[in-house]
Amino acid sequence: MAGGISVHAVDVANGRPALGLRVAIWRLAPDRALLAEGQLGADGTLQAPVVKGDGVTAGEYEVLFHIGEFFGANAQTRFLTTVPFRFAIDKVEEHFHLPLKFTPWGYSIFRGA
């Protein structure tokens with residue numbers, strides 16, 4: 001796949017894709033714009049035009065993962081709220097896949113293949 005930004009999130013505490021996790025993808029620079037916002041599907045991915053490159057230009061980006069909402073107001077698991085991930089894109093022809101693995105207490109995210 002050429003161009004675009006995609007996410008794939010897995011709730012490793014429960015061993016399943018993060019169905020319903022709210023995600024927002026923002027371009028921060030050179031101009032601020034919300035490129036996509038929505039809930040992840042049953043496969044843990046966000047279906048949005050930005051996945052195919054719509055709106056992606058060279059610049060700085062931020063993806064917000066609303067983990068606190070995902071786990072709810074349960075006092076047993078309340079710790080993380082919103083997890084931001086900032087990165088730069090110089091080569092817009094490349095695809096940026098961001099796999100997120102998380103629990104209520106921690107996370108790992110990186111640029112995947």
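Here the structure is a predicted model, which means the values were calculated and not measured.

Cut-off values and rules
- Residues numbered from 1 in each chain as written.
- Predicted model: local features only at pLDDT ≥ 70, side-chain atom pairs only at ≥ 80, totals over all residues.
- Heavy atoms only, no water.
- Pairing = 2+ DSSP bridges.
- Helix = DSSP H or I, 4+ residues; strand = E, 2+ residues; numbered from the N terminus.
- Axes fitted to C-alpha atoms, helices over the stretch in contact; angles between N-to-C directions.
- Core = buried A, V, L, I, M, F, W, Y, C linked by side-chain atoms within 4.5 Å.
- Buried < 20%, exposed > 50% of the residue type's maximum accessible area, 1.4 Å probe, protein only.
- Contact = heavy atoms within 4.5 Å.

With that settled, the discussion passes to the sheet that holds strand β4 (residues 33–39). Strand order in the open sheet formed by four strands is β4-β3-β5-β6, and the pairing between neighbours is antiparallel. The outermost strands of the open sheet, each flanked by one partner alone, are β4 and β6 (83–89). Along the sheet, successive strands turn relative to each other by an average axial angle of 15°, direction set aside. Bridge analysis of strand β3 (residues 22–29) against β4 gives six bridges, and the strand direction is antiparallel.

What the four strands build is an open sheet, ordered β2-β1-β7-β8; its pairing is mixed. Pairing within the sheet leaves two strands with one partner each, and these edge strands are β2 (16–17) and β8 (107–109). Pairing of strand β7 (residues 96–102) with β8 involves three bridges; the strand directions are antiparallel. Residue F102 lies in a different strand from β8, and its bridge partner there is Y107.

Moving on to the nonpolar core. Residues I5, L21, V23, I25, F65, I67 and F102 are the most contacted members of the largest nonpolar core, which totals 31 residues. Of all the secondary-structure elements, those providing two or more residues to this core are β1 (5–11), β3, β4, β5 (59–65), α1 (67–71), β6 and β7. When residues no more than four places from it in sequence are discounted, the contact partners of F65 are V7, L21, R22, V23, T81, T82, V83, F85, L100 and I109.

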